[in-house]
Amino acid sequence: MARTFVRNSSAKVSTTTPVTGYPFTLSMWGRCTNVTNDQAAFGIYDTDGGQYYVLWFRGATGDVVSASTGLTTFADSSASYTNGQWHHVAGVFSSATSRTVYLDGGNSGTNTTSNTQAACERVVFATTNGFGASNGFDGSIANAGIYNVALTAGQIISLASGAPCPAVRPDALVAWYPFKSESPDVDWWGQHNLTTGTGTPTYSQHPPIIYPSGTRVFIPAGSGGIPNKTITKLQAVCTAAFW
């Protein structure tokens, strides 16, 4: 499924985040229905200083998608998104002087301006505010994930081709939001559930994504050094499952 948001009326937020520093990658599918405003879709947020790393659909800035460090340092795509159409967007945050955005597996742009943000504490959807809606998003979001590495261009292409987040660098995946019909919205890979936010975003159909079939299992802390996390038991072959 996908979550559908209304700008500045609905947002989803966790109270923890799986990454606090570089490098990391944000990946998502988005269908934006607004080409007028700059809109924050998915990112991580610092509750103390109001700082963040976010993927944007920038309707007021040439309809590009962007990966931003704060509200001043944007890496912009070399192509524009289409209103009402599904697109894959990824942001690779390698360091304080390197952030790269990808639109549909290519059309990349990089910004190397130095910008150091505070350690973040929350995962945010459709907002740049860890407590409610701000710079909100109009449209739907699906198959969102966070990695604790800088994914390569080839790995971004795999995600843009329909691979679910667990099929690409599962060893580095630290949060995954497939947006099944659950309350709260569950992080199926870690434990950063979206337990707070604003309004009531609805569920809708997602783009064609090959999801792994299988069951979730919980591995307790201390089991051979494996940390607490919810994982998906992948079958040898992934099958199409349109949740």
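First, a word on what this report is: a plain description of the structure on this page. (Residues numbered from 1 in each chain as written. Predicted model: local features only at pLDDT ≥ 70, side-chain atom pairs only at ≥ 80, totals over all residues. Heavy atoms only, no water.)

Turning our eyes to something else, we now look at the nonpolar core. M28, F42, F57, F125 and I146 are the most contacted members of the largest nonpolar core, which totals 34 residues. A per-element tally of this core places strand β3 (residues 24–32) first, with four residues. In contact with F125, other than residues within four places in its own chain, are F5, A11, K12, A41, F42, I141, A144, Y177, F179 and L194. Of all hydrophobic cores here, the second largest spans 17 residues; its members include A90, Y102, C165 and W176. (Core = buried A, V, L, I, M, F, W, Y, C linked by side-chain atoms within 4.5 Å. Buried < 20%, exposed > 50% of the residue type's maximum accessible area, 1.4 Å probe, protein only. Helix = DSSP H or I, 4+ residues; strand = E, 2+ residues; numbered from the N terminus. Contact = heavy atoms within 4.5 Å.)

On to the sheet that holds strand β4 (residues 38–46). Pairing is antiparallel across the open sheet formed by seven strands, whose spatial order is β7-β6-β5-β4-β11-β2-β14. Of all the strands in the sheet, the pair left with one neighbour each is β7 (73–80) and β14 (196–198). Strand-to-strand twist of the sheet, defined as the mean angle between neighbouring strand axes without regard to direction, takes the value 15°. (Pairing = 2+ DSSP bridges. Axes fitted to C-alpha atoms, helices over the stretch in contact; angles between N-to-C directions.)

On to the pattern of salt bridges, then. Tallied over the full model, the rule gives five salt bridges. For R3, the salt bridge identified is with D185, shortest N-O distance 3.0 Å. With R3 in strand β1 (residues 2–5) and D185 in the loop between β13 (173–177) and β14, the pair connects residues that are 182 residues apart, well separated along the chain. Both residues of the pair, R3 and D185, belong to the buried class. A salt bridge links R58 to D38; its shortest N-O distance comes to 3.8 Å. Of this pair, R58 sits in strand β5 (residues 51–58) while D38 is found in strand β4, placing the two residues 20 residues apart along the sequence. Taken together, the salt bridges that share partners define one network made up of R3, K12 and D185. (Salt bridge = Lys/Arg side-chain N within 4 Å of Asp/Glu carboxyl O.)

Before going further, it helps to spend a moment on the pairing of strand β8 (residues 86–95). Among the ten residues in β8, eight count as buried, and that is most of the element. Pairing between β3 and β8: eight bridges, direction antiparallel. Bridged to M28 within β8 is V89. The turn joining β8 and strand β9 (residues 98–103), which pair antiparallel and follow one another in sequence, is formed by two residues.

A full pass over the atoms with the stated rule returns 14 aromatic pairs. Centre to centre, the rings of F125 and Y177 are 5.3 Å apart; their planes meet at 80°, and the pair counts as edge-to-face. You can see F125 sitting in strand β11 (residues 122–125) and its partner Y177 sitting in strand β13, a full 52 residues away along the chain. Classification of Y177 by relative accessible area gives buried; the value is 0%. Ring pairing ties together the aromatic residues Y22, F24, Y53 and F93, which thus form one cluster. Above the face of the F74 ring, R58 is positioned so that its terminal group lies 3.8 Å from the ring centre. (Phe/Tyr/Trp six-rings, centres within 6.5 Å; stacked < 30°, edge-to-face > 60°. Lys NZ or Arg CZ within 6 Å of the ring centre and 35° of its normal.)

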